[in-house]
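Fold and contact review
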Amino acid sequence: MRVVDSSDRSLLIIFDDRISIEAHRRVLRLTPLLGSLRGVTNVHPAYASILIDFDPLAIRHADVRRMAAELFAEAAAVPLPEPRTVEIPVSYGGEFGPDLEAVAASTGHTPDEVVAIHSGASYLVYFLGFSPGFPYLGGLPESIAAPRLETPRWRVPPGSVAIGGQQTGVYPVASPGGWRIIGRTSLRLFEPDRDPPVLLRMGDHVRFVRAAKGGF
């Protein structure tokens, strides 16, 4: 565990310089423990790091460092939460996936092959970010990795399933975005009135299921 001062009111805990399952497990164990610290205002998990925001009038950098190190030692004995598997139905291509053919062309596949490869893989929710409930998923097969759009869209419809580089994800709400849209789901990943408001959580497994034509 490496700790870096990020600002006058934040610290960054780094477990690795690359994406790995072991780093993810450390993030998964430590994140909920950090949220209980006195003076901590927010905790932001990522692939292999955790950003801790705190109130500098209530606690000092040195204190946060010390308590984080103590919790890190305790976290090794914390059991991982039981992972859930969530199936997400997707209508691929057409009006719901305007970039599917471009992804196929750039990867040397047919559109049907891209769909089969994308829906045939199992994905891990490393963390949520960017917008409420947006899952950063690991497990995209390299054969369908595709570059982001040169010019992001001003508005990506909610439920859009997209590929950006070697990542895939689902836009829970309408927002700008530069990932390539290959389909859309009717499943709502974020509902403010739901408890909890987000459907997915860190550590979940996701499978995309091809919806019947017209079944969106």
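Refer to the preceding data block for the structure.
Conventions used here
- Residues numbered from 1 in each chain as written.
- Predicted model: local features only at pLDDT ≥ 70, side-chain atom pairs only at ≥ 80, totals over all residues.
- Heavy atoms only, no water.
- Helix = DSSP H or I, 4+ residues; strand = E, 2+ residues; numbered from the N terminus.
- Buried < 20%, exposed > 50% of the residue type's maximum accessible area, 1.4 Å probe, protein only.
- Contact = heavy atoms within 4.5 Å.
- Lys, Arg positive; Asp, Glu negative; His and termini not counted.
- Charge placed at Lys NZ, Arg CZ, Asp CG, Glu CD.
- Phe/Tyr/Trp six-rings, centres within 6.5 Å; stacked < 30°, edge-to-face > 60°.
- Salt bridge = Lys/Arg side-chain N within 4 Å of Asp/Glu carboxyl O.

1. Some remarks on the overall build of the protein
Summing up its helical and strand segments, the protein has 4 helices and 13 strands in all. Expressed along its principal axes, the backbone C-alpha trace of the protein runs to roughly 55 × 35 × 30 Å. Taking all 216 residues of the protein together, the buried fraction comes to 47%. A separation threshold of at least 6 residues defines the contact pool for the protein, and within that pool the share at least 24 residues apart is 60%. Considering the protein, the positive charge centre built from 22 side chains and the negative charge centre built from 23 side chains are found 0 Å apart.

2. Notes on the packing of aromatic side chains
Tallied over the entire structure, the rule returns 12 aromatic pairs. Grouping aromatic residues by their ring pairs yields a cluster made of Tyr47, Tyr126, Phe127, Phe130, Phe134, Tyr136, Tyr171 and Trp179.

3. Things to note about the pattern of salt bridges
Any two side chains of opposite charge can pair, so long as their charged atoms come close to each other. Tallied over the full model, the rule gives 14 salt bridges. Across the pair Asp5 and Arg65 runs a salt bridge, and its minimum N-O distance is 3.1 Å. A residue pair is termed long-range when its members are at least 10 positions apart, and Asp5 in strand E1 (residues 2-7) and Arg65 in helix H2 (residues 61-75) qualify at 60 residues. The network of salt bridges with common partners includes Arg60, Asp63, Arg66 and Glu70.

Without other data, these values stay purely geometric and don't point to any function.
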